[in-house]
Amino acid sequence: MSDAFQVSEVSEVSEVFDFDRATDRRGTASVTWDGLPDRFGVPDLVPFTVSDMDFPSPPAVLDALRARVDHGVFGYTDWRLGEFRESVRDWYADRHGVAVDPESMVFAPSVLSQLSQLLRMWTAPGQGVVVHSPTYDGFRKVVTGLGRELREVPLDDPEALERELARPDSRMLLLCSPHNPTGRVWREAELKEFARLAERHGTAVVSDEIHADLTGAGHRHTPWTAIAEPGRGSRWALLTSGSKTFNFPALSGSYGFLGDPDERVEFIRRMETGEGLGSPSALSLAAHVGAYRHGARWLDALRGYVAGTLELAREQLAAGLPEVRWTPPQAGYLAWIDLRPLGIEEAALQEELVSRERVAIAPGGTYGAPGFVRLNLGCPRAKAERGVAALVAAARRLAA
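Predicted model, so just to flag it, every value in this text is computed and none were measured.

(A) View of the confidence of the model for the protein chain. On average, residues of the protein chain carry a pLDDT of 94, and 96% of them reach 70 or more. Within the model, the stretch residues 1-15 combines pLDDT values under 50 with 25 contacts to residues more than four positions away or in other chains.

(B) Just the packing of aromatic side chains, in detail. Overall, the coordinates contain 19 aromatic pairs when judged by the stated rule. When the centroid spacing of 4.9 Å and the interplanar angle of 15° are considered together, the rings of W336 and F372 count as stacked. Separated by 36 residues along the polypeptide, W336 in strand β9 (residues 334-338) and F372 in strand β11 (residues 372-376) bring together distant segments of the chain. One exposure class covers both W336 and F372, and it is buried. When the ring centre of F48 is taken as origin, the NZ or CZ atom of K383, which lies over that ring, is 4.8 Å away.

(C) Examining the layout of surface pockets more closely. One number sums up the size of the largest pocket: a volume of about 1,200 Å³. Taken together, 47 residues make up the lining of the largest pocket; nearest its centre are V50, S51, D52, P249 and A250. Looking at the lining of the largest pocket, the elements with two or more residues in it are α2 (36-40), α5 (111-122), α6 (137-145) and α9 (243-246). Of the residues forming the lining of the largest pocket, the biggest block, three residues, is contributed by α6. Here the lining of the largest pocket is built from residues that sort into 20 nonpolar, 18 polar and nine charged.

(D) Spotlight on the environment of R167. Mapped onto the elements, R167 comes out in the loop between α7 (158-165) and β5 (170-176). Along the backbone, R167 and D157 are 10 residues apart, and their C-alpha atoms lie at a distance of 16 Å. Excluding residues that lie within four positions of it along the chain, R167 makes contacts with E149 and R151. Of the polar contacts made by the side chain of R167, one reaches the side chain of E164; its length is 3.1 Å.

(E) A look at the pairing of strand β10 (residues 359-363). By the criterion of burial, β10 is predominantly enclosed, with five of the five residues buried. Two elements, strand β1 (residues 46-48) and β10, share three bridges in a ladder whose sense is parallel. Within β10, the position partnered with V46 by the bridge is V359. Pairing geometry for β10 and β11, over two bridges, is antiparallel. Bridge assignment links P363 to a residue of β11, and that residue is V373.

(F) Up close: the nonpolar core. One finds W224 and I337 to be the most contacted residues of the largest nonpolar core, which totals 110 residues. Tallying contributions element by element places helix α12 (residues 296-320) first for this core, with nine residues. Apart from the residues lying within four places of it in its own chain, the contact partners of W224 are L175, L191, F194, A195, V205, S207, E209, W236 and L238.

(G) Structural detail: the sheet that holds β9. Strand order across the open sheet formed by four strands is β1-β10-β11-β9, with mixed pairing between neighbours. Looking at strand neighbours, the two that pair on one side only are β1 and β9, the edges of this open sheet. The mean angle between the axes of side-by-side strands here comes to 30°, regardless of whether they run parallel or antiparallel. Bridge count between β9 and β11: five bridges; the pairing is antiparallel. Residue pairing in the sheet places I337 in a bridge with V373 of β11. In the packing of helix α14 (residues 381-399) onto the sheet, contacts are made with β1, β9, β10 and β11, and the angle to β1 comes to roughly 85°.

Thresholds, definitions, all that
- For every chain, the first residue of its written sequence is number 1, and the numbers climb from 1 along that sequence.
- With the structure being a predicted model, the display of local features is reserved for residues of pLDDT at least 70 and the display and counting of side-chain atom pairs for 80 or more, all residues being used for whole-chain, interface and lining totals.
- Heavy atoms from the whole structure form the basis of all side-chain values; hydrogens and water molecules are not counted.
- Every residue gets a pLDDT, meaning the predictor's confidence in that residue, from 0 to 100.
- Two residues form a contact once any of their heavy atoms are found within 4.5 Å.
- Pairing of aromatic rings covers Phe, Tyr and Trp, the last through its six-membered ring, and needs centres within 6.5 Å; plane angles under 30 degrees mean stacked, over 60 mean edge-to-face, and all others mean tilted.
- Only DSSP runs of H or I with at least four residues qualify as helices, and only runs of E with at least two residues qualify as strands; both kinds are numbered from the N terminus onward.
- When accessible area is computed with a 1.4 Å probe and restricted to protein chains, residues below 20% of their type maximum are described as buried, those above 50% as exposed, and intermediate ones as partly exposed.
- Counting as a charge over the ring demands two things of the Lys NZ or Arg CZ atom: a distance within 6 Å of the ring centre and an angle within 35 degrees of the ring normal.
- Lining residues are defined by having an atom within 4 Å of a point belonging to a cavity or pocket. Those points lie on a 1 Å grid over the protein atoms alone, cavities being sets where a 1.4 Å probe fits but cannot get out and pockets being open sets with protein on both sides within 12 Å along at least five of seven lines.
- Grid points are joined across faces, edges and corners, and a volume is the space filled by probe spheres set on the points.
- Classes in brief: Ala, Val, Leu, Ile, Met, Phe, Trp, Tyr, Cys and Pro nonpolar; Asp, Glu, Lys and Arg charged; the others, Gly included, polar.
- Distance and chemistry together define a polar contact, namely a pair of N or O atoms within 3.5 Å, with one atom able to donate a hydrogen and the other to accept it when in protein, and with adjacent residues in sequence counting only for side-chain atoms on both sides.
- By definition, two strands form a pair when at least two bridges between them are found by DSSP.
- Here the nonpolar core consists of buried residues drawn from Ala, Val, Leu, Ile, Met, Phe, Trp, Tyr and Cys, with membership extended through side-chain atoms lying within 4.5 Å.
- With axes taken as lines fitted to C-alpha atoms, and helix axes fitted only over the stretch in contact, angles between N-to-C directions fall between 0 and 180 degrees.

Put into structure tokens, the structure is as follows:
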């Protein structure tokens with residue numbers, strides 16, 4: 001299914017789903033909402049931080065979960081049985097126009113747990129992992145937490161990328177595709193160049209593609225499986241989940257593709273023995289199947305709604321903070337905004353946002369880029385407008 005076809009679907013179905021309806025998430029053990037006092041020290045903020053959405057999961061997912069709950073028996077499960085792998089295969093064929101082999105799949109509780117296992121398999125403590133900067137904070141925590149060295153290179157500096165990959169102890173290129181926090185969609189030619197450099201320097205490639213189905217109009221995601229060749233000695237992995245796209249991360253469950261069949265067997269062995277993953281969440285499997293079999297119309301509507309919200313945010317920022325010249329991301333619902341032209345101190349801005357505007361917005365320093373902010377706009381439009389207005393007001397006061 002081409003991107004143009006997906007976008008044309010948006011206008012036909014956008015009225016079917018009510019993304020403007022607010023859902024109160026407080027009191028649900030929500031990290032985004034109920035975790036605010038621990039993170040910011042004060043209650044009753046409006047959050048724009050953690051990258052989940054305030055929208056309910058699509059009806060197709062909720063229906064699949066209800067049916068599974070109504071069955072009533074939750075015995076041990078196996079992700080290789082049932083429709084799960086086939087639903088993934090068909091989704092990749094329909095949405096991305098690529099063939100994936102269900103036999104090449106692996107499963108784990110989360111993308112980061114997959115990354116953790118691959119770091120243990122393919123790198124050693126003290127060795128380097130090359131990433132693009134700014135860097136998703138989850139990468140930073142896992143890589144450094146396992147004693148590997150995070151080696152950051154700017155997004156648009158191919159010379160720095162090759163220089164870091166050429167270091168003898170750089171053992172992995174870790175991609176975020178599309179990129180978090182910037183929302184950049186890598187072009188196929190760029191991905192092929194990454195593959196060429198990795199092969200030249202004998203570096204494994206791990207591509208986190210959890211934002212892949214949230215591309216905007218005019219941008220097309222290319223899965224790493226369409227770039228790299230499978231086979232023995234082919235050390236690469238694509239890691240992803242339907243949980244980001246369809247908003248069910250708390251159900252736990254991710255899947256991936258490994259190029260080398262022997263490495264795939266070893267990965268599964270480690271997950272089922274050392275990590276104790278004998279039985280994945282039955283609800284996660286049901287949610288994925290429901291989403292991939294029947295969630296496309298909801299996703300198309302969501303993409304249209306988010307595009308509209310991002311455009312309104314652009315207009316608000318252009319009117320209130322014209323110096324920043326922000327444009328919407330190529331993928332996702334995260335606004336990565338460069339406030340450096342205003343000369344504002346990050347700590348002062350955070351204090352202003354929390355104490356006076358009563359909103360929580362992630363500082364760029366979390367991702368290795370002080371002077372930026374990351375604003376989550378995966379929410380009803382009224383909330384999004386409040387967040388942008390608060391950012392404009394706080395920044396204007398400090399820049400005056």
